[in-house]
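Each chain is listed here by its residues.
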Amino acid sequence: MIELSSRQLAAHTHLLGDCEPGPAALAEHVLSTGNGRALADRADQPRTLALDCAGHVLLRGDPDALGPADLAPFAHRRVEAPARFLPALDVAFDRVVPSERMVYVRQQPAAAPRPPRGVTIRPLTSSDAPSLVRLPAESAWIHASWGGPSGLCRSGHAWGAFRQGRLLAIACTYFRGGAHEEIAVVAAPGRRHQRLALNCLLALDGDVAARGRTATLTCSRHDRPGRLLAWTAGFRLVREYVHYATGAWVAHGARVPV
């Protein structure tokens with residue numbers, strides 16, 4: 001596959017179909033922010049289009065246009081694709097693991113709880129990048145879709161809970177679409193019971209609404225805390241889908257004997 005410029009991508013977005021709530025906002029995020037990349041089987045009249053950002057891939061079009069080598073860039077990714085792509089994915093990677101996902105959309109009002117004493121809920125600014133860097137390594141994914149801590153802090157699309165300069169929780173727009181903004185949330189270990197993530201999520205939702213968009217939140221079917229957070233914040237389930245976690249690319253589509 002070849003990488004497309006932003007101009008080329010804009011000319012071929014019809015291949016993406018309807019932009020439903022949830023991860024479909026990835027495509028518009030790549031186009032509007034320049035984070036991530038677009039790939040196609042060819043630049044002129046492509047038959048297959050892929051958007052790759054922050055370890056997530058949106059794959060659309062005709063799987064017959066692809067060979068196993070074309071899928072190599074999507075090793076160790078979470079791929080959202082129609083079922084017709086499954087045979088091609090299965091040949092290209094040593095494992096393809098399905099995961100059921102649930103998409104929630106903000107539909108009901110919700111009141112923010114009073115934050116603990118000494119905690120401030122506020123938007124992140126460019127000076128907050130060091131606080132993001134100090135988060136545990138397993139939380140680094142939160143800023144991946146903006147190119148890193150500085151990119152997220154400059155975006156104007158994140159709220160955090162701070163105490164004495166330490167970032168305790170954060171909610172941010174992960175993928176910014178034209179109609180929806182897909183939200184991601186992280187709370188520092190030991191802080192999840194304080195409902196700080198809920199404070200940040202509701203504060204960010206106010207910004208999303210002011211921008212004329214609707215906030216969405218996607219989590220695993222098995223993520224009970226994530227589902228509870230969504231419900232408490234006034235988000236309601238609108239659809240479910242499956243994405244596929246890929247393993248290592250298998251050269252030439254030939255599996256390595258176990």
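Since the structure is predicted, the reported quantities are computational estimates derived from the model, not experimental observations.

The rules behind the values
- Residues numbered from 1 in each chain as written.
- Predicted model: local features only at pLDDT ≥ 70, side-chain atom pairs only at ≥ 80, totals over all residues.
- Heavy atoms only, no water.
- Core = buried A, V, L, I, M, F, W, Y, C linked by side-chain atoms within 4.5 Å.
- Buried < 20%, exposed > 50% of the residue type's maximum accessible area, 1.4 Å probe, protein only.
- Helix = DSSP H or I, 4+ residues; strand = E, 2+ residues; numbered from the N terminus.
- Contact = heavy atoms within 4.5 Å.
- Arc of directions from axis to C-beta.
- Polar contact = N/O pair within 3.5 Å; in protein donor to acceptor, adjacent residues only side chain to side chain.
- Pairing = 2+ DSSP bridges.

Engineer: Which residues make up the nonpolar core, and what are the values?
Structural biologist: The biggest cluster of nonpolar side chains holds 30 residues, and the ones touching the most others in it are Leu51, Leu132, Ile142 and Ile170. Element by element, the count of residues in this core is highest for strand β9 (residues 166–176), at five residues. Ignoring anything within four residues of it in the chain, the contact list for Ile170 reads Leu124, Leu132, Ile142, Leu152, Ala158, Trp159, Gly160, Ala184, Val185, Val186 and Cys200. One finds Val119, Ala171, Val185 and Leu198 within the second-largest nonpolar core, a separate group that totals 27 residues.

Engineer: Provide a residue-level description of helix α2 (residues 25–33), including the pertinent values.
Structural biologist: For α2, every residue scored as buried is listed here: Ala25, Leu26, Ala27, His29 and Val30. Contacts made by the buried residues of α2 are with α1 (6–11), β2 (37–40), β3 (48–53), β4 (56–61), β9 and β10 (180–187).

Engineer: An account of helix α7 (residues 224–232) is requested, with residue identities and associated values reported.
Structural biologist: Within the sequence span of α7, burial applies to Gly226, Leu229 and Ala230. Looking straight down α7, one finds that the buried residues subtend no more than 100° of arc, so they occupy a single side. Of the exposed residues in α7, those oriented more than 90 degrees away from the buried face are Arg224, Pro225 and Trp231. As for α7, its buried residues are in contact with β6 (96–106), β10, α6 (196–210), β11 (214–220) and β12 (235–246). The backbone nitrogen of Gly226 lies 3.0 Å from a side-chain oxygen of the residue at the head of α7, namely Asp223.

Engineer: Could you give me a rundown of the pairing of β9, with the residues and numbers involved?
Structural biologist: Of all the 11 residues making up β9, 10 are buried; the element is thus mostly covered by neighbouring parts of the structure. Relative to β9, strand β8 (residues 158–163) runs antiparallel, the two being bridged by six bridges. Counterpart to Gly160 in the pairing with β9 is Ile170. Between the antiparallel neighbours β8 and β9 lie two residues, among them Gln164 with a positive phi of about 50°. As paired elements, β9 and β10 share seven bridges and run antiparallel to each other. Counted as the bridge partner of Cys172 is Ala184 from β10. Joining the antiparallel neighbours β9 and β10 is a turn of three residues.

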